[in-house]
Amino acid sequence: VLYEKKNPNKKFVFNYRRMCVSTVAGIIEENAGKSEYFPYTVLLKTEKVLFKLLEKIDSEITSLDDLPTDVLNSARGQIYSALMEYSLRKDRHQSGKKRKKWTQSVKRFLTKSLDRQQDGSMEYSFILGKYLPQLYYVDKKWVVEKINLILPKENIQHWKAAFTGYLFYTGGVYKEIY
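Cut-off values and rules
Residues numbered from 1 in each chain as written. Predicted model: local features only at pLDDT ≥ 70, side-chain atom pairs only at ≥ 80, totals over all residues. Heavy atoms only, no water. Axes fitted to C-alpha atoms, helices over the stretch in contact; angles between N-to-C directions. Helix = DSSP H or I, 4+ residues; strand = E, 2+ residues; numbered from the N terminus. Parallel < 35°, antiparallel > 145°, perpendicular 65-115°, else oblique. Left-handed = near helix turned anticlockwise from the far one by under 90°. Contact = heavy atoms within 4.5 Å. Nonpolar A, V, L, I, M, F, W, Y, C, P; charged D, E, K, R; others polar. Patch = residues over 30% accessible without salt bridge, like charges linked within 9 Å, V, L, I, M, F, W, Y side chains within 5 Å. Areas by Shrake-Rupley, 256 points an atom, 1.4 Å probe, with all protein chains shown as cover. Salt bridge = Lys/Arg side-chain N within 4 Å of Asp/Glu carboxyl O. Expected span 1.5 Å × (residues − 1). Buried < 20%, exposed > 50% of the residue type's maximum accessible area, 1.4 Å probe, protein only. Polar contact = N/O pair within 3.5 Å; in protein donor to acceptor, adjacent residues only side chain to side chain. Core = buried A, V, L, I, M, F, W, Y, C linked by side-chain atoms within 4.5 Å.

1. Some remarks on the packing of helix 1 (residues 16-31) against helix 2 (residues 40-56)
Helix 2 packs onto helix 1 with a crossing angle of 150° between their chain directions and a minimal axis gap of 11 Å. Between helix 1 and helix 2, the interaxial angle falls into the category roughly antiparallel. As helix 1 packs across helix 2, the resulting crossing turns out to be left-handed. Contact residues: R17, V21, V24 and I28 in helix 1; T46, V49, L50, L53 and K56 in helix 2. Of the residues contributing to the contact of helix 1 with helix 2, the split by class is six nonpolar, one polar and two charged.

In structure tokens, the structure reads:
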């Protein structure tokens, strides 16, 4: 287990643990849909790894000032992105009637986490916004039912985080989602 290295002068702390977690999440995010890197047997174990990483890493974001950069550089943000890519790409390895648009266990997790008491991280809200068009494509009914939880009007910080992720990565507003 890697722990952060503390500097006695307290001027700089390098967190090797977060760096390793970010690297693993980045590899999964980039390669989950490529069968040459992730054969189906490995892909089946990937989900467990990502959920375990989420348990071990807390949110690092305290401000919305530069959210896209902060989430991109956040271990938790990278894990969420990897989880979405994994879920949305996993079906490429399947064929026939068993093929689903996204992983049901990830869907259950995302639904549960819409209760911001479960996951109040800005990374979660931002990544939901980032992947909103893809989620709409794979499960329109779920997005329509959950839109007021994805973009919670009663929680302006999370609304801003989700909408920032949506606009930053889509570059505009999708008529269907609007």
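So, next bit.
2. Things to note about a nonpolar patch on the surface
Taken together, L72, F168 and Y169 make up a surface patch of nonpolar side chains, about 320 Å² in accessible area. Among the secondary structure elements, Y169 is positioned in helix 9 (residues 156-170).

3. Notes on helix 4 (residues 75-89)
An ideal rise of 1.5 Å per residue puts 21 Å on 15 residues; helix 4 measures up with 21 Å between its terminal C-alpha atoms. Extensive coverage of helix 4 is indicated by the burial of 15 of its 15 residues. Its side-chain oxygen placed 3.2 Å from the backbone nitrogen of R76, S74 serves as the N-cap of helix 4.

4. So, the nonpolar core
With 43 residues, the main nonpolar core has I79, L110, L135 and W142 as its most contacted residues. For L135, the contacting residues outside a window of four places in its chain are M84, W102, L128, K140, W142 and V143.

On their own, these measurements won't tell you what the molecule is for.
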